Each structure stands twice: as C-alpha cells, then as structure tokens.
Amino acid sequence: MSLSELECFLRPDVRFLTLSGHVGFDSLPEQLVNKRLARGFGFNILCVGETGIGKSTLMNTLFNTVFETEESSHFEGCVRLRPRTYDLQECGVRLRLTIVDAVGFGDQVAKDYRPIVDYVDAQFESYLQEELKLQRCLQDYRDTRVHACLYFITPTGHSLKSMDLVTMKKLDSKVNLIPVIAKADTLTRSELPKFKSRIMSELDQNGVRIYHFPTDDEAVAETNACMNALRPFAVVGATDLILVGSQLVRARLYPWGAVLVDNECHCDLAPLREMLIRVNMEDLREQTHGRHYELYRRQRLEQLGLRDTVVVLDSQPGAAADEARRREFLGEMRRKEKEMRQMFALRARETELEVKEKERELNDRFEELKRILQEERRKVEEKRRQLEEDINTFNRRRAAFEALQAMEAQTMQAAIVQPSPRRDRDRSRDRDRDQDQDRRN
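Values in this document were obtained by computation on a predicted structure and should not be read as measured data.

Asker: Residues and numbers for the confidence of the model for the protein chain, please.
Answerer: With 90% of its residues at a pLDDT of at least 70, the protein chain reaches an overall mean of 85. For residues 310-316, every residue scores under 50 in pLDDT, and the model assigns this stretch four contacts once sequence neighbours within four places are set aside.

This is how it looks when you write it as structure tokens:
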C-alpha cells in the first residue's frame, strides 16, 4: 500500500489526488523566503540592569560588533529608556536591531520600575493604534514592540534583590523575560550552580514566569530542553582579542589567566547566542505578537467596552438576553467606576500629601528668609544709628571750631581798632609839653 493510499484509508474525509505533472506550488516556501529577505527583519531587545553591570559589552559580544553608545552616569535623577537602532547585515540577510537600555535603573534611593513597564505598554499601544486605523499598513509599519528582555542579575552569590523580583514580576506578562547572571567570572565553579539553583527557586516561589525555550518542535526539542536547564545564563562579555595558543580569541585577561567568552566551559555566552539568535529568534517574535500583545490588546479593548459576540440560547430569548447583557454591562461599568473612584481618591491623597510637603518646605524657606531679612534690617538700623551719631559729633565739632575761629577773628579785629592806653599817655604827655613850650615862648 502506497503512502497516499494509507492516508486515504486513515482519513476518508480528505480527498488526496496524485498529480500527473509538476505544477509549481512547491516553490511557495521559497517565495515567502524571498519576500521576507527583501523586506528584512526586525528584532528588539530590552536590557534591564544596574549601571555598569555590562549591558553594552554583552550586546557587542553577542552580535560581534561595536555599537555606538555613551556611558551612563550613576547619578541619574530617574529611570529613562534609551532606544538605539542599528542596521546589520549577515550573508545577505538584513536585520534592524533595536537595543533599549534602561538608564539609571537601580541607582536611585526610591527604586522605580514603572518607566520600564510604561515603555513596553507604550510600544503595544502604538501598534494597537496602527492596527485600529481605517487605512493601515502593518507590513511597512516599524514594529518597536520588545521581543526579548535580558534581565541582568548582579553576581552576589546569595539571592535575588527584592527590586529584581518585583520588576521581573511586573514584566513577565509583557515581555519574553530571559534572566542572565552578569560578570559571572566573579563567581567560583562551586558558587555558580548554587546561585543558579537559588535564583530559579526564588523565581518559582514568587510566581515569576520566565521565557521557556519551546520543546514542541522535534527539530529543536532536545537542544532547547538542554538549554532550559542552563537558565539563568551565566555570561561574560568581552570584545578584546588575545592570542591563545596560535589563534586570536575574544577573552578577558586577568593576572591569573584568561576567560574565553566563547568557551562553554568558561561561561554560557555561546548557548545564549545559540538560543536567542540562531534558534529561537522567530519564536520570540511570535510569542511577543501571539501572547503578550494579544493579552494587552484584549485588556485594552475590554477597557473600551468591546466584547466578543455571545451566542444566545433558545431558553433566553431576545428581550431577556438584552436585559441580561444590559445588567452585565451596568455591573461592569459600576465596577470600573468604583475602581476609578478609588484610584482617583488614592491619587488625590498622594497629591495632597505632596502639596502639604511642598507647602511645609515653602513655609520653612519663608521663615528662613524672614529671619535673614530681619537680621539684615537690624544690622542696617545699627549702622544707620552709628552714622547719625558720627554726623552729630562731626557737626558739634565743626560748630565749636567755627565759634573758636569767630572769637579769634573778633579778638584780632578789636586789637586793631581799639588804641593802646600807653600810646594815649604818650600822646597826652607830648601835647602837654608842647603847650608848656608855647607858654614859655
């Protein structure tokens, strides 16, 4: 029995025909490949981790290139997302790679994951708005949805930080979460397996769902099953080439030896690149669209009041069915109104607390400025009184000096105008002598 006859026997409802000649629809996969090659591919990676953990170095190592980037400071005021897009080409296949770096994550006292979640939701919302347009062109649309999130874990060797658990819990339903242990060369061979086991145990206990490499495809089932056992991947990034033996390899050189980043005995960089890029890149894209985006799309459409059509049974005819749907809709609206009121009250309380805090700071500042003003005014008044006293003293001294000068002038003038008594006596004696002389004569 031939294969076609066996299939007809097993599936009698399906008609199988034997072609008498070559038709050509076997070239359909080739047509799809040619169209996809002409259009190119896109892949978006979100890197979340503390500043200086090695995110940029790992990206350069994964794609064997040096991306243009700028160093981030440890003194960022808030968490901000910095996307950078690069056009790569390998063997005629074009890839538009977007690397999104969470700048400032983990550097603030009040650690905040909301900017990262908001960025992921914003990309979903942008795609949804394009999808809801009357005239849409999704083939030419530049998809910015995050396909993979590499979460960099600090190699403490003990356990995950509470901030890591909270952030990954918020992201696991929105992105394909892949945790990696950064700078794994700081851990010993005995510490690394224990640290991996402790991380996976804590993720399971807290209900954090990380990306599971698919094992339903027989071609990659065995490989992905082995790679799932390596999670979280312990990676080391390096772009420097050193001479080991007779060949140049990428490695990190230390006084005690070298860490070969492409050697699976030294770190898990090669398995990570194999799973992320060579085997499961398309699955990551499909999971993003078919799972995470569809979940976001359903929630958003439900918020807008849209629901799937419900088949009404005969036992519930038209009017009763409409009344039931109306009651359900009203109940849903009341529930959402209650949630919005609670959210509004919560935000109002938070705003009120912020306003009170700002008012207290302004009052303290006002009192401080008022105290400084009073102190300056007291100093000015004291200087003004001192100046007035100096002016009065000067005026008194000037008046006394002027009076003294006037008295001296009067004395000199009186001395010039008034005759001297001795001179008068001399004149009287001369006059009497002249008179006696005249008598004698």
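Asker: Break down the state of the cysteines for me, with residues and values.
Answerer: Per the stated rule, a full pass over the model turns up zero disulfides. The thiol of Cys226 is unpaired, and the distance to the nearest cysteine sulfur, on Cys265, comes to 15 Å.

Asker: Lay out the packing of aromatic side chains in plain terms, naming residues and giving numbers.
Answerer: Evaluation of the coordinates by the stated rule reveals ten aromatic pairs. Seen in terms of ring centroids, Phe105 and Tyr151 are 6.3 Å apart; in terms of plane orientation they differ by 80°. Their pairing is edge-to-face. With Phe105 in the loop between strand S3 (93-103) and helix H4 (114-131) and Tyr151 in strand S4 (residues 148-153), the pair connects residues that are 46 residues apart, well separated along the chain. The two residues Phe105 and Tyr151 agree in class, both being buried. Pairing Tyr211 with Phe213 gives two aromatic rings, centres 5.2 Å apart and planes at 85°, and the pair type is edge-to-face. There is no split in this pair, since Tyr211 and Phe213 are both buried. Within the aromatic cluster, the residues linked to one another by ring pairs are Phe124, Tyr127, Tyr141, Tyr293 and Tyr296. Lying across the ring of Tyr127, Arg145 places its NZ or CZ 3.7 Å from the centre. When the ring centre of Tyr293 is taken as reference, the NZ or CZ atom of Arg145 above it lies at 4.9 Å.

Asker: Before we move on, can you summarise the sheet that holds S4 with the specific residues and values?
Answerer: Taken in spatial order, the six strands line up as S2-S3-S1-S4-S5-S6 in an open sheet, and their pairing is mixed. Both outer strands of the open sheet, strand S2 (80-90) and strand S6 (233-234), are each paired with one neighbouring strand and no more. Looking at chain direction, strand S1 (residues 41-48) and S4 are connected through four bridges and run parallel. Within S4, the position partnered with Cys47 by the bridge is Leu150. Sheet contacts for H4: S1, S2 and S3; angle to S2, the most-contacted strand, approximately 50°.

Rules and cut-offs
- Residues numbered from 1 in each chain as written.
- Predicted model: local features only at pLDDT ≥ 70, side-chain atom pairs only at ≥ 80, totals over all residues.
- Heavy atoms only, no water.
- pLDDT = per-residue confidence, 0-100.
- Contact = heavy atoms within 4.5 Å.
- Disulfide = S-S within 2.5 Å.
- Phe/Tyr/Trp six-rings, centres within 6.5 Å; stacked < 30°, edge-to-face > 60°.
- Helix = DSSP H or I, 4+ residues; strand = E, 2+ residues; numbered from the N terminus.
- Buried < 20%, exposed > 50% of the residue type's maximum accessible area, 1.4 Å probe, protein only.
- Lys NZ or Arg CZ within 6 Å of the ring centre and 35° of its normal.
- Pairing = 2+ DSSP bridges.
- Axes fitted to C-alpha atoms, helices over the stretch in contact; angles between N-to-C directions.

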